[in-house]
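Examination of the molecular architecture
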There are 2 protein chains.
Amino acid sequence: MTEALIPQAPETPNDARQAAPLRELKNMRPSTADVEAAVHAIADRSRQAARRMSRANRAWKDRGLRAIAAALLERKAQILAANSTDVAAGKTNGTSAAMLDRLTLTEARIQGLADALENLANLPDPVGNVVRGQTLPNGLRLRQVNVPLGVVAAIYEARPNVTVDIAGLGLKSGNAVILRGGTAAAATNAALVTVLRDALESVGLPADAVQSVDQYGREGANALMRARGRVDVLIPRGGRDLIQSVVTNAKVPVIETGEGNVHIFLDASADEHMAVEILLNAKTQRPSVCNTVETLLVHSASTVLPAVATALRAAGVTLHADERIRAALPASVDSVRATDEDWATEYMDLDLAVAMVDSLDDAVKHIRTWSTGHTEAILTNDLGNAERFIAEIDSAAVIVNASTRFTDGGELGLGAEVGISTQKLHARGPMGLTELTTTKWIVQGEGQIRA
Amino acid sequence: MTEALIPQAPETPNDARQAAPLRELKNMRPSTADVEAAVHAIADRSRQAARRMSRANRAWKDRGLRAIAAALLERKAQILAANSTDVAAGKTNGTSAAMLDRLTLTEARIQGLADALENLANLPDPVGNVVRGQTLPNGLRLRQVNVPLGVVAAIYEARPNVTVDIAGLGLKSGNAVILRGGTAAAATNAALVTVLRDALESVGLPADAVQSVDQYGREGANALMRARGRVDVLIPRGGRDLIQSVVTNAKVPVIETGEGNVHIFLDASADEHMAVEILLNAKTQRPSVCNTVETLLVHSASTVLPAVATALRAAGVTLHADERIRAALPASVDSVRATDEDWATEYMDLDLAVAMVDSLDDAVKHIRTWSTGHTEAILTNDLGNAERFIAEIDSAAVIVNASTRFTDGGELGLGAEVGISTQKLHARGPMGLTELTTTKWIVQGEGQIRA
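Residues numbered from 1 in each chain as written. Chains lettered and ligands numbered in written order. Predicted model: local features only at pLDDT ≥ 70, side-chain atom pairs only at ≥ 80, totals over all residues.

1. Thoughts on the overall build of chain A
When helices and strands are tallied, chain A shows 16 helices and 16 strands. Against the globule reference of 22 Å for 451 residues, chain A gives a C-alpha radius of gyration of 25 Å, in line with a compact fold. If one aligns the C-alpha atoms of chain A with their principal axes, the spans along those axes are about 75 × 70 × 40 Å. Here chain A holds 451 residues, and 53% of them are scored as buried. Long-range pairs, those at least 24 residues apart, make up 71% of the contacts in chain A with a sequence separation of at least 6. (Helix = DSSP H or I, 4+ residues; strand = E, 2+ residues; numbered from the N terminus. Rg over C-alpha atoms; globule rule 2.2 N^0.38 Å. Buried ≥ 20, exposed ≤ 12 C-beta atoms within 10 Å, placed from the backbone. Contact = placed C-beta atoms within 7 Å.)

2. A word on the relation of the copies chain A and chain B
For the pair chain A and chain B, the relating rotation is 180°, the translation along its axis is 0.0 Å, and the fit reaches an RMSD of 0.0 Å. Expressed as an axis order, the relation between the two copies is that of a two-fold axis. No C-alpha of chain A approaches the rotation axis more nearly than that of histidine 426 of chain A, which lies at 1.8 Å. Most of the interface of chain A is mirrored in chain B, where 100% of its interface residues again form contacts. (Least-squares fit on C-alpha atoms with pLDDT ≥ 70 in both.)

3. Quick notes on the environment of alanine 199 of chain B
Residues and elements named next belong to chain B. For alanine 199, the location among the structural elements is in helix α8 (residues 186–202). Each C-alpha atom, one on alanine 199 and one on alanine 69, is 8.7 Å from the other, the two residues being 130 residues apart in sequence. Beyond its immediate sequence surroundings of up to four residues, alanine 199 is in contact with Ala67, Ile68 and Ala71.

4. Topic: the interface of chain A and chain B
Taken together, the contacts link 50 residues of chain A with 50 residues of chain B. Those elements giving two or more residues to the side of chain A that touches chain B turn out to be α11 (272–284), α16 (383–392), β13 (397–402) and β16 (437–448) of chain A. If you tally residues by element for the side of chain A that touches chain B, the top one is β16 of chain A, at 11 residues. Tallied by class, residues from the side of chain A that touches chain B come to 23 nonpolar, 16 polar and 11 charged. (Nonpolar A, V, L, I, M, F, W, Y, C, P; charged D, E, K, R; others polar.)

5. Focus: the pairing of strand β2 (residues 141–148) of chain B
Residue and element names in this part refer to chain B. Sheet analysis places strand β1 (residues 130–135) next to β2, joined by five bridges and oriented antiparallel. Across the sheet, the residue bridging to glycine 133 is arginine 143, located in β2. Taken together, β1 and the strand that follows it, β2, pair antiparallel across an intervening segment of five residues, in which glycine 139 is found at a positive phi of about 95°. Where β2 and strand β16 (residues 437–448) come together, eight bridges link them in antiparallel fashion. Counterpart to asparagine 146 in the pairing with β16 is threonine 439. (Pairing = 2+ DSSP bridges.)

6. Quick look at the domain arrangement of chain A
Entries for chain A in the domain assignment read domain 1 (2–249) and domain 2 (262–407). Computed from C-alpha coordinates alone, the two centres of domain 1 of chain A and domain 2 of chain A are separated by 38 Å. (Domains from an automatic or database assignment.)

7. Examining the pairing of strand β12 (residues 375–379) of chain B
Residues and elements named next belong to chain B. For β12, a buried count of five out of five residues is recorded, marking the element as mostly surrounded by other parts of the structure. Residues of β12 alternate between two faces, with Thr375, Ala377 and Leu379 on one and Glu376 and Ile378 on the opposite face, all of them buried. For β12 and strand β13 (residues 397–402), the ladder comprises four bridges, and the chain directions are parallel. From the neighbouring strand, threonine 375 faces β13, where its bridge partner is alanine 397. Regarding topology, helix α16 (residues 383–392) serves as the crossover connection from β12 to the parallel β13, and that connection is right-handed. (Right-handed = clockwise from strand over helix to strand, strands pointing away.)

8. Describing the packing of helix α3 (residues 58–74) of chain A against helix α7 (residues 160–172) of chain A
All names here are of chain A. The interhelical angle for the contact between α3 and α7, taken along N-to-C directions, is 165°, at an axis separation of 9 Å. One finds that α3 runs roughly antiparallel with respect to α7. Between α3 and α7 lies a crossing of right-handed hand. In this structure, α3 contributes Lys61, Gly64 and Leu65 to the contact, and α7 contributes Gly168, Leu171 and Lys172. Residue classes in the contact of α3 with α7 are distributed as two nonpolar, two polar and two charged. (Axes fitted to C-alpha atoms, helices over the stretch in contact; angles between N-to-C directions. Parallel < 35°, antiparallel > 145°, perpendicular 65-115°, else oblique. Left-handed = near helix turned anticlockwise from the far one by under 90°.)

9. Regarding the sheet that holds strand β10 (residues 336–337) of chain B
Sheet architecture is open: 10 strands sit in the order β1(A)-β2(A)-β16(A)-β13(B)-β12(B)-β7(B)-β8(B)-β11(B)-β9(B)-β10(B), paired in mixed fashion. Edge positions in the open sheet fall to β1 (130–135) of chain A together with β10 of chain B, since each of these has one partner strand only.

10. Considerations on unusual backbone geometry
Residue and element names in this part refer to chain A. Phi at asparagine 401 takes a positive value of approximately 55°, unusual for a residue other than glycine. Tracing the chain through its elements places asparagine 401 in strand β13. For asparagine 401, a count of 22 C-beta atoms within 10 Å translates into the label buried.

11. A look at the sheet that holds β13 of chain A
Read across the open sheet, the 10 strands follow the order β10(A)-β9(A)-β11(A)-β8(A)-β7(A)-β12(A)-β13(A)-β16(B)-β2(B)-β1(B); overall the sheet is mixed. The strands lining the two open edges of the sheet, one partner per strand, are β10 (336–337) of chain A together with β1 of chain B.

12. Thoughts on the nonpolar core
Membership of the largest hydrophobic core comes to 279 residues, with the highest contact counts inside it found for Leu224 and Leu234 of chain A together with Leu224 and Leu234 of chain B. Residues within four places of leucine 224 of chain B in sequence aside, it is in contact with Val39, Ala153, Ile155, Ile178, Arg180, Val213, Val231 and Leu234 of chain B. (Core = buried A, V, L, I, M, F, W, Y, C linked by C-beta atoms within 7 Å.)

13. A few points about the packing of helix α3 (residues 58–74) of chain B against helix α6 (residues 107–122) of chain B
Residue and element names in this part refer to chain B. As a packed pair, α3 and α6 sit with axes 9 Å apart at the nearest point and diverge in direction by 170°. By the criterion of interaxial angle, the relationship of α3 to α6 is roughly antiparallel. Residues Asp62, Leu65, Arg66, Ile68, Ala69, Leu72 and Leu73 of α3 form the contact with α6, whose own contacting residues are Ile110, Leu113, Ala114, Leu117, Glu118, Leu120 and Ala121. Of the residues contributing to the contact of α3 with α6, the split by class is 11 nonpolar, no polar and three charged.

14. Focus: the environment of leucine 169 of chain A
Residue and element names in this part refer to chain A. Tracing the sequence through the fold places leucine 169 in helix α7. Expressed as a C-alpha distance, the spacing of leucine 169 and leucine 436, which sit 267 residues apart in the sequence, is 8.1 Å. Non-local contacts of leucine 169, meaning those with residues more than four positions away in its chain, are made with Leu120, Ala416, Val418, Leu433 and Leu436.

15. Regarding the confidence of the model for chain A
All names here are of chain A. Per-residue pLDDT for chain A has a mean of 92; in total, 94% of the residues score no lower than 70. Below pLDDT 50 for its whole length, residues 1–26 participates in 35 contacts with residues either more than four positions away or in separate chains. Here the complex is predicted with pTM 0.88, and the ipTM for its interfaces comes to 0.88. (pLDDT = per-residue confidence, 0-100.)

16. Focus on the environment of leucine 352 of chain A
Residues and elements named next belong to chain A. Following the sequence through the fold, leucine 352 ends up in strand β11 (residues 351–357). Taking the C-alpha atoms as reference points, leucine 352 and leucine 383, 31 residues apart in sequence, are found 27 Å from one another. Those residues within four positions of leucine 352 in sequence are excluded, and the remaining contacts are Lys283, Val293, Glu294, Leu296, Leu312, Val317, Leu319 and His320.

17. Concerning α11 of chain A
With 13 residues, α11 of chain A ought to run about 18 Å at 1.5 Å a step, and its terminal C-alpha atoms sit 18 Å apart, in line with that. Those residues of α11 of chain A not exposed but buried are Met274, Ala275, Ile278, Leu279, Asn281, Ala282 and Lys283 of chain A. (Expected span 1.5 Å × (residues − 1).)

18. Regarding α7 of chain A
Residue and element names in this part refer to chain A. Taking 1.5 Å of rise per residue, 13 residues should cover 18 Å, and α7 covers 19 Å from first to last C-alpha, within 8% of that figure. Within α7, 12 of the 13 residues are buried, leaving the element largely enclosed by the surrounding structure. Buried within α7 we find Pro160, Val162, Thr163, Val164, Asp165, Ile166, Ala167, Gly168, Leu169, Gly170, Leu171 and Lys172. Phi turns positive, to about 80°, at glycine 174, one or two residues after α7.

Dropping the structure here:
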């Protein structure tokens, strides 16, 4: 496989040498057709790189991941300098503190990215795994094996860690990746992509296995979404608006991730201590992530509401409660009046909608109306109710007597997480490396024909 | 589960009582908005029916399938009468003989449909199958199980057998189906859907698990394609134009099926007898289906071309050959000159494109340029070439030394076939019942929280 050693033309899309002539030609603003042609060229190089990646064995891919980890640490000064440009621009533009935090890289965070790549290198290779197989009565030897998807694209917001994260997952699973990060992180992402490409080349893997379309802005993202036949899957990572925009506009296959309007149903028989512990964990341990609980449904016969509400309020949670809940709360627990908007809201903050229901059926009905199909949990000691909840709730993860925070690839033993799919096709729930593969049927015979 | 016994309102979409008022209201032509509302109402009833189907155990679903089989035979006079109306109209409209054949039902074909339903009833239930599971270190019991997709829609051409076929597969896998058959088969499909619904009701399964939007014509099909959130998957079955139209216009998840520009590469070392037998089988056994070979690539060092070409020509196959092949053919074998269009064509007839290549690399390059990613085969005695072909060809099925006609759910042991997916997400290659399911993660604990 010496082709990896053939010198590559300097086609880095984040390379100013390449992007500049196009801009000059079109008076600093490339036309839609120009951007489309440029993105198609990137995708075609990605296809070539994907073919080479698909034939790289695990040892070679892991060498690439470790080379990237080492390069991130070696060149952290360059990465941090680029990042401080983005952060300074963000501050000037009045970016929120939470967004600035997501945008900011530190030495410790770069070390974290390098550690994650090392963990990825230690995971088994999903490629080549035999899903099923048999020898047919006519002697045909049949096996269905996992193979890389090919060209994996990602569109995400200004979180530079996603650049390294998606590139690592894509490479480990034998794919080539095309990235479109947020404009607010453009300098950081450009620095990271350069480091990633250089590291790949240093071990003889194709630099074009990691490319970016960031320099083409929103038009580039649009061209990527429309590149049917050139992009095998597009993964949007970010908030609701980003995901909905991609899902609605994409002409290439998309895996929808992340939106989690998560419910916990406190059944009449739920244990008080367990209810308090799980609610505190599910709401306050990390409120900004998608597996945090957003609505609590309380059975009207439950006696544990006062203890649960008191504990949540003491932890700083604002309760958005319906009238029946408000009437049942102790005088010491304040709340705000809930509207239908609360049932629909993924707060991602220290807020919780709380409604009273009279039965498991009513809880299921509320969840069917408002859930995004991510994760729902029941806290109960009633076996029949647990079984009915498992059977009737149509979500990616259904949990009995545990925190909703467990809906996570790492927690569920997948090793790495690409995202949490809220769609039903291809992948549902936490996606690991295998979800970045497809399958191929391999049939071997010695002259068999069909009767 | 007594809810199945609650009387259903006569909401059959193929019921003239329901469709008539809408047409009268709008002067015989319902508006797009009216059609959309009507299709949404159908989809919402389908969702209700899907919830009931998802809880029906295998014995109950199999009872439904057998009731349908019995009803098809009992009411065959009614079905054949409706079919003869469609066939007569088709003849008047100058429909081709091949299309008329696909449209026509006979007693024997109805018996075949009933037999297929009986076979389906004998297959294992894909629902409830545990894909993987473990007990985590913290004691959480985890399993990922197959569950029905929910609402499965199909858009297909005037082949009434698909109505019964998709309904049977959908029901066995615990889904509800919404059908849109070709207008040319409208009377037959209406009769079949009535029989199917009555049979489901007779065993206490929801009639709305089978519905049709045929009475809303093209507008109905469009509304179905746009019913995002209401339709879990849409499967187009038919020719290239139908599939491309659905893939391009659908806003709901689609599984692309069927287009097969299938290649066989005759390597230098291929055995002559095997090559003749496999080519005859792959081209002439059933030329009109998607796994029939469409292009033969012949290594320039192979000596078996004369025997293969003579046998194919004797079997009535027209050879569309490039110049080098034409020069190498025996004088007794005539051919027509191939153009690029031939490399791109899925003839589905007794025609075969034939090109000469100088290496495995050239064969792979030709295939990458022209293949639809369905099935490709290599005939060789060279182990290295077989392995390289398997590794480098990115198609749903890759075959060594056997006929391409084996890419078929029945032949590969899946029991039943929904279609052959040529996409990479969710399902690739022959799709069985499992491909009509998704998965759900079920997590059971006793108060675990995340650290």
